[in-house]
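# Observations on the three-dimensional arrangement
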Amino acid sequence: MESKATRLTVRLPIASNWRLAHCVTKHPPDLVVSGVNHGANLGMDIVYSGTASAASEAVMHGIPAIAMSLIDEPFDFTASVHIGLGLIDLFNYHKLPHDVYLNVNIPPGSRESLKGIRVTKTGIRKYRNAYEKRVDPLGRTYYWQAGQVVQIENEPDTDVYQVERGYVSVTPVHLHFTNSEMVDTLKSWPFQL
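Residues numbered from 1 in each chain as written. Predicted model: local features only at pLDDT ≥ 70, side-chain atom pairs only at ≥ 80, totals over all residues. Heavy atoms only, no water.

The nonpolar side chains of a soluble globular protein tend to be buried with one another. Formed by 14 residues in total, the largest nonpolar core has its most connected members in Ile 66, Ile 83, Leu 102, Val 104 and Ile 106. Within the residue set of this core, elements represented by two or more residues are β2 (65–70), α3 (77–91), β3 (100–106) and β9 (167–174). If we ignore the near neighbours within four places in the chain, the residues touching Val 104 are Ile 66, Ala 67, Met 68, Ser 69, Ile 83, Leu 87, Val 168, Ser 169 and Val 170. Counting twelve residues, the second-largest nonpolar core is a separate cluster that includes Ala 58, Val 59, Ala 67 and Tyr 101. (Core = buried A, V, L, I, M, F, W, Y, C linked by side-chain atoms within 4.5 Å. Buried < 20%, exposed > 50% of the residue type's maximum accessible area, 1.4 Å probe, protein only. Helix = DSSP H or I, 4+ residues; strand = E, 2+ residues; numbered from the N terminus. Contact = heavy atoms within 4.5 Å.)

Okay, structure coming up:
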């Protein structure tokens, strides 16, 4: 049996990319790599991120995924390509749970300047409320989060902490948002219609 590899690069609204790949190749992709995003997806940035949303969407449809982001200028795509290819290679030997994607954040600078790769958990990242009013190509108004990052002390095992120290962070993001510990507590509340 002959193996045939297909590579497809698509530049569309990000959540549509894997669906187009499926339509063009008649097979779902083996892996979705979303990004490389210009700017961080650290801490709770993933809630607002199109890059993370595309990875989430892929995982919801049974396709393994990686969301990749370069933190700041200078954007060295050489480093991100090398890291991305290494991660893709790991997917040949290791599998993630069906409801997990990897969120990868790469500090600015060359590959040689990176201190290493750390597996992290999601940290805390907040912004001073500042939004820019913008207009999309169809003339619709939208608001872009553009606030200044508020410095918050993060634990050493978080993405924010490690990236600030020059490490690439790899965070396994779980799609199950329920706070399971609170379910029993809420069951004791006297809810009424």
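Here the narrative resumes.
Moving on, we get to the environment of Asp 72. Its place among the elements puts Asp 72 in the loop between β2 and α3. The sequence separation of Asp 72 and Gly 39 amounts to 33 residues, and the corresponding C-alpha distance is 5.5 Å.

Each α-helix winds once per 3.6 residues, and so residues spaced three or four apart point in a common direction. Helix α2 (residues 50–60) sits mainly inside the fold: eight of its eleven residues count as buried. Among the residues of α2, those classed as buried are Thr 51, Ala 52, Ala 54, Ala 55, Ser 56, Glu 57, Ala 58 and Val 59. Measuring from the side-chain oxygen of the N-cap residue of α2 to the backbone nitrogen of Thr 51 gives 3.1 Å; that N-cap residue is Ser 49. Gly 62, located one to two residues past α2, shows a positive phi value of around 80°. (Polar contact = N/O pair within 3.5 Å; in protein donor to acceptor, adjacent residues only side chain to side chain.)

The next subject is the packing of aromatic side chains. Tallied over the full model, the rule gives one aromatic pair. Judged by centre distance (5.8 Å) and plane angle (35°), the rings of Trp 189 and Phe 191 are tilted. Since its relative accessible area comes to 45%, Trp 189 is described here as partly exposed. Owing to a relative accessible area of 60%, Phe 191 belongs among the exposed residues under this scheme. (Phe/Tyr/Trp six-rings, centres within 6.5 Å; stacked < 30°, edge-to-face > 60°.)

With that settled, the discussion passes to the sheet that holds strand β1 (residues 32–38). The strand order across the open sheet formed by five strands is β1-β2-β3-β9-β4, and the pairing between neighbours is mixed. Each edge of the sheet is formed by a strand with only one pairing partner; in this case those strands are β1 and β4 (116–119). The sheet shows a mean angle of 20° between the axes of neighbouring strands, taken without regard to direction. Bridge count between β3 and β9: six bridges; the pairing is antiparallel. The residue of β9 that forms the bridge with Leu 102 is Pro 172. (Pairing = 2+ DSSP bridges. Axes fitted to C-alpha atoms, helices over the stretch in contact; angles between N-to-C directions.)

With that settled, consider a nonpolar patch on the surface. Together, Val 33, Phe 77, Val 81, Leu 85 and Ile 88 line one region of the surface with nonpolar side chains, adding up to about 400 Å² of accessible area. Take Ile 88: it is sitting in helix α3. Since its relative accessible area comes to 33%, Ile 88 is described here as partly exposed. (Patch = residues over 30% accessible without salt bridge, like charges linked within 9 Å, V, L, I, M, F, W, Y side chains within 5 Å. Areas by Shrake-Rupley, 256 points an atom, 1.4 Å probe, with all protein chains shown as cover. Salt bridge = Lys/Arg side-chain N within 4 Å of Asp/Glu carboxyl O.)

Right, let's get into the pattern of salt bridges. Within the structure shown, the criterion is met by five salt bridges. Residues Arg 165 and Glu 164 are paired through a salt bridge, measuring 3.6 Å at the closest nitrogen-oxygen approach. Here Arg 165 falls in the partly exposed class, since its relative accessible area comes to 34%.

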